[in-house]
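Coordinate analysis (summary)
One letter stands for each residue in the lines below.
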Amino acid sequence: VAALAMGLAPVLLGLLLRAWHVVAGPGSVSAWLAHRRRAKEAALRVDARDLLARQRFLGVLSSRERERIAAYLKPRRLRAGETLMREGEPGEAFYVIRQGQAEVHRQEDARRRPLVRLHRGDGCGELALLSGGVRRATVTAITELEVFELDAATFQREMAAHLRAYGLTQALLDERAELAGFEIFRGTAACDLDPVLARLRPVAFLAGEAIVREGEPGDRFYLLRSGR
């Protein structure tokens with residue numbers, strides 16, 4: 001074993017020296033690290049731009065305009081259980097989920113009421129920024145969470161007008177949260193529920209009234225909001 005180790009030592013040393021010359025050659029270690037940093041920043045920028053493209057209220061923007069907004073997004077990491085934003089606090093930023101899951105919940109009569117789960121591509125925090133009020137809900141990381149953060153000033157300049165034109169209201173967010181609570185939509189990104197919401201219509205039935213009847217063609221789908 002000793003003889004084998006002595007035989008391999010020069011080979012290993014040569015490989016290490018060659019690797020060092022590759023890294024610390026003309027470009028130097030600092031240049032290599034700078035290149036790695038720029039590559040990481042470029043990858044983040046591409047990901048941010050792609051996630052912005054998923055925001056339906058930004059659908060009218062060109063790729064160049066989304067690229068400009070992406071340049072302002074800052075990455076942020078949270079551990080599972082950490083709070084991203086808290087109910088009652090002023091709105092200071094808009095967030096887009098990059099990786100992981102978060103839960104939106106409210107405090108009602110000393111009880112925590114879950115509203116919706118956020119997944120990759122979902123945004124949050126926009127309503128307080130639009131209204132100039134406080135957060136209407138708390139967002140907590142369920143898993144390790146990566147988000148992109150957009151400060152309030154940039155949000156007002158680059159995004160607010162598009163959200164107002166989209167018609168974002170607290171009522172829309174509440175309906176989205178209600179829809180996300182149905183088993184059939186569990187795991188669906190919140191931003192993907194808007195097209196479904198746009199096609200839903202409320203219908204009321206009296207006790208004893210038939211909702212669907214055996215033998216008739218199926219032409220509607222129903223979600224039970226209240227009653228039995």
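Scroll up to find the structure this text is about.
The structure displayed is predicted, hence computed values, not measured ones.

Moving on to the sheet that holds strand β3 (residues 93–99). Taken in spatial order, the 4 strands of this open sheet run β1-β8-β3-β6, and their pairing is antiparallel. With one partner strand each, in any of the chains shown, β1 (74–78) and β6 (123–124) form the two edges of the open sheet. Sheet topology note: the β3/strand β8 (residues 145–151) ladder contains 6 bridges and is antiparallel. By the bridge assignment, F94 is partnered in β8 with L150.

On to the packing of aromatic side chains, then. If you walk through the whole model with that rule in mind, you get 3 aromatic pairs. Relative to F155, the ring of F94 lies with its centre 5.5 Å away and its plane at 40 degrees, an arrangement referred to as tilted. Of this pair, F94 sits in strand β3 while F155 sits in helix α5 (residues 152–158), and the two are 61 residues apart along the sequence. The burial state of F94 is the same as that of F155; both residues are buried. When the ring centre of Y72 is taken as origin, the NZ or CZ atom of R157, which lies over that ring, is 5.2 Å away.

With that settled, consider the environment of A93. Mapped onto the elements, A93 comes out in strand β3. Between the C-alpha atoms of A93 and L150, which are 57 residues apart in sequence, the distance is 5.5 Å. Residues contacting A93, with those up to four places away along its chain left out, are G125, L129, R135, E149, L150, D151 and A152.

Turning our eyes to something else, we now look at the sheet that holds strand β7 (residues 138–141). As summarised here, the arrangement of the 4 strands in space is β2-β7-β4-β5, forming an open sheet in which the pairing is antiparallel. Two strands lie at the open edges of the sheet, namely β2 (83–85) and β5 (111–118), each paired on one side alone. The sheet shows a mean angle of 35 degrees between the axes of neighbouring strands, direction not considered. The sheet contact formed by strand β4 (residues 102–108) and β7 spans 4 bridges and is antiparallel. The partner of E103 across the bridge, within β7, is T140.

Time to look at the side chain of R106. Inspection of the secondary structure assignment puts R106 in strand β4. On the basis of relative accessibility, which here comes to 13%, the residue R106 falls in the buried class.

About the criteria used
Residues numbered from 1 in each chain as written. Predicted model: local features only at pLDDT ≥ 70, side-chain atom pairs only at ≥ 80, totals over all residues. Heavy atoms only, no water. Pairing = 2+ DSSP bridges. Helix = DSSP H or I, 4+ residues; strand = E, 2+ residues; numbered from the N terminus. Phe/Tyr/Trp six-rings, centres within 6.5 Å; stacked < 30°, edge-to-face > 60°. Buried < 20%, exposed > 50% of the residue type's maximum accessible area, 1.4 Å probe, protein only. Lys NZ or Arg CZ within 6 Å of the ring centre and 35° of its normal. Contact = heavy atoms within 4.5 Å. Axes fitted to C-alpha atoms, helices over the stretch in contact; angles between N-to-C directions.

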